[in-house]
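Spelled out from the first residue to the last, the chains are:
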Amino acid sequence: MSRTRRRDDTSVHTSFEHLLASKEMVIFCGSGGVGKTSAAAAAAAVAAARLGGSVLVLTVDPARRLATALGLEGIGNVAREVPTEKFREAGVEPRGRMFAAMLDTKRSWDDLVHRYAPDEETAYKILENPLYHNITGRFINAHEYIAMERLYELHRSGEYDLIVIDTPPTRNAIDFLEAPERMADFFGGWFLRVLTLPYKVGGKRGVRALDFAARPFYRMADRLLGGDFMRRLGEFFLNFQSMQEGFVTRAREVEKLLHDRRTTFCVVSTLESAPLAEAEFFCTKLEELDFDLGALVLNRALPDFLHDPAAAAVAQRLDDVANAGETAKRLDALDPVAFGDEARTAGILRTIADNFENFAVVAKREAEMQAELSTGNADVIARVPQFEVDIADLGGLLRIGDHLFG
Amino acid sequence: MNAVPEAQSADPTSALDLLGRQLLFVTGKGGTGKSTIAAAIGELAASLGKRTLMVEVDAKGNLTDFFEHPRVGYDPVEIRPGLWSMTMNTEDSLREYLQIFLKMGMMSRIGPLSSIFEFVANAAPGVKEILTVGKIAYEATLTEGVDFKWDLIVVDAAPTGRIVGQLDAPAAINELFEVGMVRTQTDWMREVLADPNRTALLIVATPEEMPVSETIELYHATEALDVRLAGVVVNRVLPELFTTAEEDTFDRLGDADAVEAAESVVGAPLEPVLEAARLAVTLRRTRVEHIRRLRSEVPLPMMYVPYLFTRSHGKRATRLVADALAAEMGL
């Protein structure tokens, strides 16, 4: 991996708009539940609307209504265009076109096997092995790798000006950054060699190597896992190994693409302690591994009016029993029909005062967290407010997009 | 401390019985507060005098943050009176397993175990899961005198997307490994997991679209599982500000003349205060819809934990959540 700094003055972006305009791939990451999928879809929508060109959003696990809004229901791996009508319904005449695709992990793996198996028979043997599903589903971050692999494939197709990808939830946020490297290591590594050794037809040298290197390992593995299982596993990996060259080359290319200057990362977080800690860790890791950290999106931030000190003073006075009573009296005088029951009105007034104070506490905490945030070299920090309703259509995505663009 | 026979309880589907079982797995979508709820259950159980072990499975290693206690490793550490905490580490679990069951103490001290483990754990399906679930089930069987060592084990388990794979590991291993010593170990684990009076799974959700959808999906996915569902904790529920009738009065309050009248007493600007109330009302309305969908599709006991405005994290927040859970359980 290249550790040399490629950052220069021309790569510093002053706005989210500039970032999207100058990059070809934007990878959205962050911990679960922070609104990553919506933010990625929103970035794609606003880019298609305002910047033009063909923009694709590749999403991993969208909420049902969002999937419906993007026309994604029941389609795996195939990019579909979001009809221009949908933009018009949202009151926008888009300059470009927006496409959406969902990541189908199993299908993508099958495609890879077909591509790199030496012949159809081997491909068939791999795909039919009962261990195939289990193993591709679990080993070496298969899910994370395949997302990056699809990004590579889509980018190589040359059909899109901008590809926005939403990453799968990972145990560890950096798993998918290292997935291509680990994939290459795995195929080139000694384990695969040791594991497949007894099943290769070889001369004396092979047998000797097995004696020295593999025997204690096998004795223990057989005892733990059962010999039959080890045999099936060995056969599977022997077939799998036939794809080694193709896989390693490919994984290296995917890794290169992630480091390409046309690729940038966008870290999403809410202003809560746990997601923020993960976001900070992620920003640090991106820098360390020499990836381009383009933007940090602070999602679902409470609105600015909660920081208004004059309003806080009003709420504090209104929370007082005497003041609330006096206000209720004035309101009764103004409109006896609506405010006839003064005690009830006073109760409502104190409730809303209390509510403001509650939200103000959270807003203050958010502001403090944002102030303390060490954002590394993120060029752009975008704040997206908490919307009162769920975002479930293109209009909503464009609203988020407007906030991203600032 | 529970004597062994008393670990049984009358009604395994009752949410009020959360603390009555011995082994409670807590799952939920990322961001729903799964760890918060697990920590609060640990706090509540310990405060009621139960000898409690918390296990953090998805090793971020921050479960003890909820008690403002330094991080802990694989060996349980008492972080408050009556409450122990440990962080799962599958390599340590394998080492312990080899020592206890296979008497492979010598072998496990030899260097390459970790690289062999890397292979086995990454390539062979279910190995990491079985080492996790196996260790937890093992802790559940430990006794001290006539009592179990732990009255309650609370597991901050894998998130909704991976919990089935984790809890299903012993059953899956049974199918995959026809012979071998691993196979012989899975039966007693399944026995612990499948006992509805002893073990249950709790789902944490927030009243939002994705957490609710994942809860519904998980509810259906667990039908084939050994472990039974205890219920759902709906976390971060916003308070209801007004009754419907009061809402009309509130709406009238937004008119210019009413704002002016109020501001003559308490000063300006009142508008942000009203706006905050509107935000709370609409947010709650959206969320109530999600709770309704959850209730109509998941016939399990539900417990509600309010959104905490004034505390975000730390010991006090954990205690407040524990109190809310206690209130829901009628304690």
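Computed from a predicted structure; not experimentally measured.

Draft legend 1. Just the overall build of chain B, in detail. Broken down by element type, chain B carries 13 helices and ten strands. Out of the 331 residues belonging to chain B, those deemed buried represent 59%. Of the contacts made within chain B by residues no fewer than 6 positions apart, 74% connect residues no fewer than 24 positions apart. With the model as given, the accessible surface of chain B reaches about 12800 Å², and the carbon-plus-sulfur share is 53%.

Draft legend 2. Structural detail: the sheet that holds strand β4 (residues 83–87) of chain B. Residue and element names in this part refer to chain B. Here we have eight strands laid out as an open sheet, ordered β3-β4-β2-β7-β1-β8-β9-β10, and mixed in their pairing. At either end of the open sheet lies a strand with only one pairing partner, and these are β3 (77–80) and β10 (302–306). Put simply, the sheet's adjacent strands are angled 25° from each other on average, direction ignored. Relative to strand β7 (residues 152–156), strand β1 (residues 23–28) runs parallel, the two being bridged by four bridges. Looking at the pairing, Val-26 lines up with Asp-156 of β7. Packed on one face of the sheet, helix α6 (residues 160–167) meets β1 and β8 (199–205) and runs near 145° to β1. In this fold helix α12 (residues 271–297) packs onto β9 (228–237) and β10, with an angle of close to 175° to the strand it touches most, β9.

Draft legend 3. Summary view of helix α9 (residues 209–221) of chain B. Compared with an ideal rise of 1.5 Å per residue, which puts 13 residues at 18 Å, α9(B) spans 18 Å between its outermost C-alpha atoms and is within 8% of the ideal. α9(B) sits mainly inside the fold: ten of its 13 residues count as buried.

Draft legend 4. Summary view of the side chain of Thr59(A). Relative to the assigned elements, Thr59(A) resides in strand β2 (residues 54–59). With residues near it in sequence (within four places) discarded, Thr59(A) still touches Thr37(A), Leu72(A), Ala101(A), Met102(A), Leu103(A) and Asp166(A).

Draft legend 5. Highlighting the environment of Asp332(A). Examined against the element boundaries, Asp332(A) turns out to sit in helix α16 (residues 321–334). Counting along the chain gives 13 residues from Asp332(A) to Thr345(A), while the straight-line C-alpha distance between them is 8.7 Å.

Draft legend 6. View of the packing of helix α15 (residues 309–318) of chain A against helix α18 (residues 342–372) of chain A. All names here are of chain A. In contact at an axis separation of 8 Å, α15 and α18 are set at 140° when each is read in the N-to-C sense. In terms of axis orientation, α15 runs oblique to α18. Judged by the twist between their axes, the crossing of α15 over α18 is left-handed. Taking contact as the criterion, the partners of Ala-311, Ala-312, Ala-315, Gln-316 and Leu-318 in α15 are, on α18, Leu-349, Arg-350, Ile-352, Ala-353, Phe-356 and Glu-357. Split into classes, the residues belonging to the contact of α15 with α18 amount to eight nonpolar, one polar and two charged.

Procedures and definitions
Residues numbered from 1 in each chain as written. Chains lettered and ligands numbered in written order. Predicted model: local features only at pLDDT ≥ 70, side-chain atom pairs only at ≥ 80, totals over all residues. Heavy atoms only, no water. Helix = DSSP H or I, 4+ residues; strand = E, 2+ residues; numbered from the N terminus. Buried < 20%, exposed > 50% of the residue type's maximum accessible area, 1.4 Å probe, protein only. Contact = heavy atoms within 4.5 Å. Areas by Shrake-Rupley, 256 points an atom, 1.4 Å probe, with all protein chains shown as cover. Pairing = 2+ DSSP bridges. Axes fitted to C-alpha atoms, helices over the stretch in contact; angles between N-to-C directions. Expected span 1.5 Å × (residues − 1). Parallel < 35°, antiparallel > 145°, perpendicular 65-115°, else oblique. Left-handed = near helix turned anticlockwise from the far one by under 90°. Nonpolar A, V, L, I, M, F, W, Y, C, P; charged D, E, K, R; others polar.

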